[in-house]
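# Topology and contacts: notes
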Amino acid sequence: MDLRDFYLLAALIACLRLDSAIAQELIYTIREELPENVPIGNIPKDLNISHINAATGTSASLVYRLVSKAGDAPLVKVSSTTGEIFTTSNRIDREKLCAGASYAEENECFFELEVVILPNDFFRLIKIKIIVKDTNDNAPMFPSPVINISIPENTLINSRFPIPSATDPDTGFNGVQHYELLNGQSVFGLDIVETPEGEKWPQLIVQQNLDREQKDTYVMKIKVEDGGTPQKSSTAILQVTVSDVNDNRPVFKESQVEVHIPENAPVGTSVIQLHATDADVGSNAEIRYIFGAQVAPATKRLFALNNTTGLITVQRSLDREETAIHKVTVLASDGSSTPARATVTINVTDVNDNPPNIDLRYIISPINGTVYLSEKDPVNTKIALITVSDKDTDVNGKVICFIEREVPFHLKAVYDNQYLLETSSLLDYEGTKEFSFKIVASDSGKPSLNQTALVRVKLEDENDNPPIFSQPVIELSVSENNRRGLYLTTISATDEDSGKNADIVYQLGPNASFFDLDRKTGVLTASRVFDREEQERFIFTVTARDNGTPPLQSQAAVIVTVLDENDNSPKFTHNHFQFFVSENLPKYSTVGVITVTDADAGENKAVTLSILNDNENFVLDPYSGVIKSNVSFDREQQSSYTFDVKAIDGGQPPRSSTAKVTINVMDVNDNSPVVIYPPSNTSFKLVPLSAIPGSVVAEVFAVDIDTGMNAELKYTIVSGNNKGLFRIDPVTGNITLEEKPALTDVGLHRLVVNISDLGYPKSLHTLVLVFLYVNDTAGNASYIYDLIRRTMETPLDRNIGDSSQPYQNEDYLTIMIAIVAGAMVVIVVIFVTVLVRCRHASRFKAAQRSKQGAEWMSPNQENKQNKKKKRKKRKSPKSSLLNFVTIEESKPDDAVHEPINGTISLPAELEEQSIGRFDWGTAPPTTFKPNSPDLAKHYKSASPQSAFHLKPDTPVSVKKHHVIQELPLDNTFVGGCDTLSKRSSTSSDHFSASECSSQGGFKTKGPLHTRQMLHPSEDPLLYNIFVAKLPTRQ
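### Quick word on the overall build of the protein
- Looking only at helices and strands, the protein features 11 helices and 62 strands.
- Looking at the 1034 residues of the protein, the share that counts as buried comes to 47%.
- A fraction of 72% describes how many contacts in the protein between residues 6 or more apart in sequence connect residues 24 or more apart.
- Just so you have it, the protein exposes about 51,500 Å², and 51% of that area is on carbon and sulfur atoms.

### Some remarks on the nonpolar core
- Counting 28 residues, the largest nonpolar core has I386, F409, L421, F437, I439 and V457 as the members making the most contacts within it.
- Put simply, the parts of the chain that give this core at least two residues each are β24 (357–362), β25 (370–374), β26 (382–389), β27 (399–403), β28 (409–415), β29 (418–423), β30 (434–443) and β31 (450–460).
- Counting 27 residues, the second largest nonpolar core, distinct from the first, contains I261, F291, L302 and A332.

### Overview of the state of the cysteines
- For the coordinates displayed, the defined rule picks out one disulfide.
- At a sulfur-sulfur separation of 1.7 Å, the disulfide partner of C98 is C109. Disulfide C98 to C109: torsion about the S-S bond roughly 90°, handedness right-handed. Of the two residues, C98 is situated in the loop between α3 (94–97) and β6 (110–118) and C109 in the loop between α3 and β6; the sequence distance between them amounts to 11 residues.

### A short note on the packing of aromatic side chains
- The final tally for this structure, using the stated rule, is 18 aromatic pairs.
- Here F515 and F538 contribute two aromatic rings whose centre-to-centre distance is 5.5 Å and whose plane-to-plane angle is 85°, an arrangement assigned as edge-to-face. Placement of the pair is F515 in strand β37 (residues 515–517) and F538 in strand β39 (residues 537–546), with a sequence separation of 23 residues.
- Look at F515 and you get buried, because its relative accessible area is 3%.
- For F538, a relative accessible area of 3% gives the class buried.
- Centroid distance F684 to Y785: 5.4 Å. Interplanar angle 75°. Geometry classified as edge-to-face. Within this pair, whereas F684 is found in strand β51 (residues 684–687), its partner Y785 is found in helix α5 (residues 781–791), the two being separated by 101 residues in sequence.
- Owing to a relative accessible area of 3%, Y785 belongs among the buried residues under this scheme.
- The rings of F514, F515, F530, F538 and F540 are connected pair by pair, giving a single aromatic cluster.
- Of note, K382 hangs over the ring of F123, and the distance from its end group to the ring centre comes to 4.2 Å.
- Against the face of F514 rests R528, its NZ or CZ located 4.8 Å from the ring centre.

### Thoughts on the sheet that holds strand β55 (residues 726–728)
- Taken in spatial order, the three strands line up as β52-β56-β55 in an open sheet, and their pairing is antiparallel. Strands with a single pairing partner mark the edges of an open sheet, and in this sheet they are β52 (696–699) and β55. The mean angle between the axes of side-by-side strands here comes to 25°, regardless of whether they run parallel or antiparallel.
- Note that β52 and strand β56 (residues 734–737) share three bridges and pair antiparallel. The residue of β56 that forms the bridge with E699 is N734.

### Focus: the sheet that holds strand β2 (residues 39–42)
- Read across the open sheet, the three strands follow the order β2-β5-β4; overall the sheet is antiparallel. In this open sheet, the two strands that pair with only one neighbour each are β2 and β4 (76–78). Between one strand axis and the next, the sheet turns through 20° on average, direction left out of account.
- Pairing geometry for β2 and strand β5 (residues 84–87), over three bridges, is antiparallel. The partner of P39 across the bridge, within β5, is F86.

The rules behind each value
Residues numbered from 1 in each chain as written. Predicted model: local features only at pLDDT ≥ 70, side-chain atom pairs only at ≥ 80, totals over all residues. Heavy atoms only, no water. Helix = DSSP H or I, 4+ residues; strand = E, 2+ residues; numbered from the N terminus. Buried < 20%, exposed > 50% of the residue type's maximum accessible area, 1.4 Å probe, protein only. Contact = heavy atoms within 4.5 Å. Areas by Shrake-Rupley, 256 points an atom, 1.4 Å probe, with all protein chains shown as cover. Core = buried A, V, L, I, M, F, W, Y, C linked by side-chain atoms within 4.5 Å. Disulfide = S-S within 2.5 Å. Phe/Tyr/Trp six-rings, centres within 6.5 Å; stacked < 30°, edge-to-face > 60°. Lys NZ or Arg CZ within 6 Å of the ring centre and 35° of its normal. Pairing = 2+ DSSP bridges. Axes fitted to C-alpha atoms, helices over the stretch in contact; angles between N-to-C directions.

Shown next as structure tokens:
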């Protein structure tokens, strides 16, 4: 199978497959000769076409277009918006439209037209058949206005002679319906004979005997009428000539003959030989053959009749496509008035002698034979309606249609002989601008005949290509401090479109105020002077826009890098740098960092630092700017250092700048408070029972040689005030009465006062014991000192009232025991006790009077020696003067010697103030003289006994100790805290809330060191010097 046969087969298959979705038919019936603008039909209404897009649900504007051949005068018109069909000014003449055809029924005359519905998404091809009904617009007419008939004189009455029939182009009732003989003179009558084909043949009837000798000619009129409304008619003159007698008329062997002859029969081909006989003899038997009056002139031109032989031959080329059937009436006459009649039906058979016909009617109107399409037209855009036909019949008339070569177009069959030429793919003007191809129609005859039609399609450029930059990113570099108008580069883009669609203009985007761009040439220049330090890089866009409709554009990024020049000196972040360092900072420690910047780049910003004036106290890293100390700082020796630094960059020529640096030495909290007053831990103060609440009963005063907050002190009672009888001022250290003393308050009270500074991050503190003796008098000082000595055996977290009261009221206890022994013994004991009490009170009053004016009492050396002896007897440590009071190891089997835990719990009201934790082991060394006893050892026990807590208003059980050591006069407790709560402006006692153990009390982790105490009364001058220059940590 060759390529041509393949195309034929494909086209044949396409012809057999009709697309019912887009091909529909309508049939309308109208009458001929209608005036203009008469409505014929409504396409969308008659086909129920919706204007709603089923896919999107939106309303669409449909366009109805009549597909007509160029140059044709359309008989109807179609409204492009409504789809209504109207008549035009070209009148529809049925007789002209269907000329040369014979119709048995009035509805057989019609014409067809095609209407397409656009746009492409709604495309439909509507085939409309309009049947034209006849109107009586033609009168019947005889072949000739004068009809001559010859009748023999011996014709019998009622003999009939044919009269040439009239013809009417109209059909049906509008055709010939009635003949009437006018002025028949009673000699002749008229009869109508209807043929099987429905034709009416008039016959003249002889009603009287004729005598040629009397009258040889009769002149009458014959009238013919149609059945139309209004009725139309015409007349002809009928002239009858009475001829001499001829007794026998010719007779055809067959009066009805049908023959077939191919349409390609050559001229001279015999069609049929007619034979007629006549019973007469002589000249009356001579038969002459002639065509009847009803034979069409066209038929007479095609066929020749031999007058003598009756042979019908072809005298011109036949064309079945023009007339397929010819009816020939042949008269055989022997000269008489009544010839014989025979009807010959000549069927012209088909021969494949006609190539197919291509009727190309454009849906898109061509210009000078060329169809113009837009490259943006969608696929299946309809271009033309192609109707193929072949005048041949049967196989010879079977036509297939196809496109000769591969193009982006195809034919889509919609009816048996109609195709839609439409696009098969998207068109691209830039790929192919013009198409020229042939549409081939080929029949199936042997040999096959074909016809071609040339189609020219030109594409119109659409602006479907944006301008394209040669580089999507354009990178440039320019030195700063340039001149204005400096040429930078030329930006260019190309556009594949043509014409104005390819005309490009350039435009700068935002952030391009430093640049100018020529809109036509794309030349980019600098409009300002660049300063790299202000902006090192410019990033903006350039837009290339064409002049199409709508215009298309594209963008390219432009990156302009400004190159550096050494036009900036190094710049210090501060003209004067001030750094603060703590004293005691180790040598070669970092004390600060010099920050210097240079707005330039590269080597121009590479800065080197150096110290001016050859300062040897500090070392400066020339690149990082780190300053390290070359000395060890001591704020008391030098509080600040000042020097100059210089920065120089690496540019050519180099630039430099200087700055001043000051190093400030800050104080460190490295000194604990030093107690000035009271002068000794064994001193006491008498509090008379008559003292009123609010009166100052004792004072505590300490100093701290640090500065700032490190020297701010806070006084707090941490133990011994469980009854709340006393209150200490946290700022001044004055101890005042909270309430008037009662008889139950009489006796010795030991207050443990904590003196802490407000240093940060670590607070340091010192403990001091304040003894207050509540009584009207203090006559027996030795007794009080003995009480003080014995309280040293009581842990600091226990109230000495629980242990000292038996010392003061031994007689009362004896009386109680005596009462238990017996009532009588009780009475005697009470009496004796009263006597002893009276004597004892007298001695106290005498001692009170002898020491009037003296507030603080100190034991004499004799008492000290006695106490030393007692301590020796009780196995006190050998170096008691070098340590605080200590406790010998307890004997676990001795119930009397109960071990002591060195932990003290503060009252709840102090714990609520976030008590810090004192770290005895990390306490700084003190300046106390080495012979001062260390009281911390008194509170440090090796006993595994669990810690106990001191709660407010809760008596602590008495625990006995092995040894009660006498405290020296000049001893104080010094310690440090692990943590320190930050000072709060709203807290009245924020540093009293420090704790030194997990249980909330003071936990002695190591021996406490002592400071030598100096009382102002001993040597005021020395005291002032001592306060001014207290030694630092040893």
